[in-house]
Amino acid sequence: MKSIDRRKFISGLAIAGAGLASINPIEVLAGNQSQKMIRIGIIGLDTSQVTMIISHINNIPGPGYDVVQPLWDSSFEGFRVTAAYPYGSKKIESSIKQIPTYVGKMKENGVELVDSIKILLSKVDAVMLMTFDGHPRVDQAMEVIKAGKPLFINKPFAASLKDVIKIIDAAKKYNCPIFSSSPTRYLKGAQAARNGSIGDIMGADSYSGCPLEPTHPDFYWYGIHGIEILFTIMGKDCHTVQRKHTLNTDHVVGIWDNDRIGTYRGIRKGKVTHSGIAYGLNEILPAGSFNDVGHRPLVIDILQFFKTGISPVNIEETLAIHVFMEAADESKRQGGAPVSMQAILAKAQS
């Protein structure tokens, strides 16, 4: 595979993500002792993840919610989802159909439904952008960012790499903290490997379900969950990407710094789960099962982020994940040829 200039690529990531790491903690949330409850707003009630997340924060047990126990403890004290703006996709039928269901669930649990993001922002201290369709997300995120509210961005981050960069650049411009992650980042083995339990990482394989949505880049819609596992283990410094595509499977090979190889397998037929394997200098470690963690670790990090304004995931890594997915699409368009991450980022920034 053709090598690329590592320093230029890392510099490009740094330019796109510059400034976010130095954002000051949100004093109104962390430092104001008179504020007893941090009020959280939701944008987009067209995905089941809203109930998975709210179940922890608002302490809602029962069918249809995240079943990982314990459901609630002191990690969630001082936070509550209090308001939601329901919309939401206006184009993707499978998402539109879900909105009435989750509107009903919000009403059942005392969450106020509002008619606009502007009204939502007047009632909350922090926001979770949950809209399942990535296309409205730029405009939705901009309203929150301009208001300076800490913003968690669920998957998909946006519907294109250009839009991802627009949101990141706006967060820098308005000095607004943003954080994005899939809950699959928190698989126990993946976290242990990232934290050094098996020595230096020599490589990794990951896999997940990968249904395609014609309105989005192939992996932005669902493959992101397996690719997030890969980057959790390998880090952000991938340089070239090569993809093989068939009707039922995608196989993507990335070359990281120090000639390390990481792969992602996207599954569209057969048994589907989210996991992987980390290859360390001292040991080989399975990434773990999502059933063992659920959404709980992600929710804890979201709440800590809302309190401090400091993202637990460097924005450069989030950007690199989206560059990787766009590079994989470009490799597919080129019949499986290796594609430079640096070139993909430069094109999206132009």
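All of the points below concern the structure found in this document. Just so we're clear, the structure is a prediction, and the values are computed from it rather than from any experiment. (Residues numbered from 1 in each chain as written. Predicted model: local features only at pLDDT ≥ 70, side-chain atom pairs only at ≥ 80, totals over all residues. Heavy atoms only, no water.)

## Side note on unusual backbone geometry
What counts is decided by this rule: Counting from the N terminus, the helices are DSSP H or I runs at least four residues long and the strands are E runs at least two residues long. Buried residues are those whose accessible area, probed at 1.4 Å on protein chains only, stays under 20% of the maximum for their type, while exposed residues exceed 50% and partly exposed ones sit between those limits.
In this chain, Lys155 is followed by Pro156 through a cis amide linkage whose omega measures -5°. Tracing the backbone through its elements, the reader meets Pro156 in the loop between strand E5 (151-153) and helix H8 (161-173). In this structure, Asn59 is a non-glycine residue whose phi angle is positive, near 60°. Inspection of the secondary structure assignment puts Asn59 in the loop between helix H3 (49-57) and strand E2 (79-85). The exposure class assigned to Asn59 is partly exposed, which follows from its relative accessible area of 40%. For Asn175, which is not glycine, the phi dihedral falls at a positive 55°. Judged by its relative accessible area of 45%, Asn175 falls in the partly exposed class.

## Re the environment of Ile344
For clarity, the cut-off: By definition in these notes, contact holds between two residues if any of their heavy atoms fall within 4.5 Å.
In this fold, Ile344 is placed in helix H14 (residues 341-349). Along the chain, Ile344 and Glu330 lie 14 residues apart, while their C-alpha atoms are 8.4 Å from each other. Among residues more than four places away in sequence, those in contact with Ile344 are Leu161, Val323, Glu326, Ala327, Glu330 and Val339.

## Notes on helix H12 (residues 296-308)
What counts here: Residue count minus one, scaled by 1.5 Å, sets the expected span of a helix.
With 13 residues, H12 extends 19 Å from end C-alpha to end C-alpha; this agrees with the ideal 18 Å at 1.5 Å per step. Listed as buried for H12 are Arg296, Leu298, Val299, Ile302, Leu303, Phe305, Phe306 and Thr308. Directly after H12, the chain includes Gly309, whose backbone phi takes a positive value near 80°.

## Description of the pairing of strand E4 (residues 126-129)
Defined as follows: The rule for pairing is simple: two strands pair if DSSP sees at least two bridges between them. Here is how to tell: hold the view so the strands point away, follow the path from the first strand over the helix to the second, and if it runs clockwise the crossover is right-handed.
Because side chains alternate across E4, one face comprises the buried residues Ala126 and Met128, and the other comprises Val127 and Leu129, equally buried. Across four bridges, strand E1 (residues 38-43) lies against E4 in parallel orientation. From the neighbouring strand, Ile43 faces E4, where its bridge partner is Leu129. In terms of handedness, the path from E4 via helix H7 (residues 137-147) over to E5 forms a crossover that is right-handed.

## Brief notes about the packing of helix H11 (residues 224-234) against helix H13 (residues 315-333)
Condition: Only the contacting stretch of a helix is used when fitting its axis, a line to C-alpha atoms as for every element, and angles between N-to-C directions run 0 to 180 degrees. Should an angle lie under 35 degrees it is considered roughly parallel, over 145 roughly antiparallel, and from 65 to 115 roughly perpendicular; all remaining angles are considered oblique. If you view the pair so one helix is near and one far, a crossing is left-handed when the near helix is turned anticlockwise from the far one by less than a right angle, and right-handed when it is turned clockwise. Polarity classes work like this: nonpolar for Ala, Val, Leu, Ile, Met, Phe, Trp, Tyr, Cys and Pro, charged for Asp, Glu, Lys and Arg, and polar for all others, with Gly in that last group.
Closest axis-to-axis distance for the H11/H13 pair is 10 Å, and the angle between their directions is 125°. When the axes of H11 and H13 are compared, the pair comes out oblique. In the crossing of H11 with H13, the sense of the turn from one axis to the other is right-handed. Of H13, the residues touching H11 (which contributes Ile224, Ile227, Glu228, Leu230, Phe231 and Thr232) are Glu317, Ala320, Ile321, Phe324 and Met325. Grouping the amino acids of the contact of H11 with H13 by side-chain chemistry returns eight nonpolar, one polar and two charged.

## Here's the deal with the sheet that holds strand E11 (residues 275-280)
In spatial order, the strands read E12-E11-E7-E10-E9-E8-E13; together these seven strands make up an open sheet with mixed pairing. Two strands lie at the open edges of the sheet, namely strand E12 (284-286) and strand E13 (339-340), each paired on one side alone. Judged from the six bridges that link them, strand E7 (residues 201-209) and E11 form a sheet pairing that is antiparallel. Bridge pairing links Tyr207 to Ser275 in E11. Packing against the sheet, H11 makes contact with E7, strand E8 (238-245), strand E9 (249-256), strand E10 (260-267) and E11, and its axis sits at approximately 165° to E7.

## Side note on the sheet that holds E1
Strand pairs in the sheet, formed through backbone hydrogen bonds, run parallel or antiparallel to each other. With parallel pairing, six strands are arranged side by side in an open sheet as E3-E2-E1-E4-E5-E6. Both edges of this open sheet fall to strand E3 (112-113) and strand E6 (178-180), since each of them pairs with a single strand only. Relative to E2, E1 is paired through six bridges, and the arrangement is parallel. Opposite Arg39, over in E2, you have Arg80 as the bridge partner. Packed on one face of the sheet, H12 meets E1, E2, E4, E5 and E6 and runs near 150° to E5.

## Section: the packing of H3 against helix H5 (residues 99-108)
At a minimum axis distance of 10 Å, the contact between H3 and H5 shows a crossing angle of 15°. Considered as vectors, H3 and H5 are oriented roughly parallel to each other. In this structure, H3 meets H5 at a crossing whose hand is left-handed. Packed against H3, whose contacting residues are Val50, Thr51 and Ile54, the element H5 presents Tyr102, Lys105 and Met106 at the interface.

## Some details on the packing of aromatic side chains
Here is the rule we go by: Aromatic rings from Phe, Tyr and Trp, taking only the six-membered ring of Trp, are treated as a pair when their centres fall within 6.5 Å; an angle between ring planes under 30 degrees marks them as stacked, one over 60 as edge-to-face, and anything in between as tilted.
Tallying each qualifying case throughout the model produces nine aromatic pairs. Geometrically, the ring pair formed by Phe179 and Phe305 is edge-to-face, given 5.6 Å between the ring centres and 65° between the ring planes. Here the residue Phe179 occupies a position in strand E6, and Phe305 occupies one in helix H12, the gap between them amounting to 126 residues. Under the relative-accessibility criterion, Phe179 is labelled buried at 1%. A centroid spacing of 5.7 Å and a plane angle of 40° characterise the contact between Phe305 and Phe306, whose relative ring orientation is tilted. In terms of burial, Phe305 and Phe306 fall into one category: buried.

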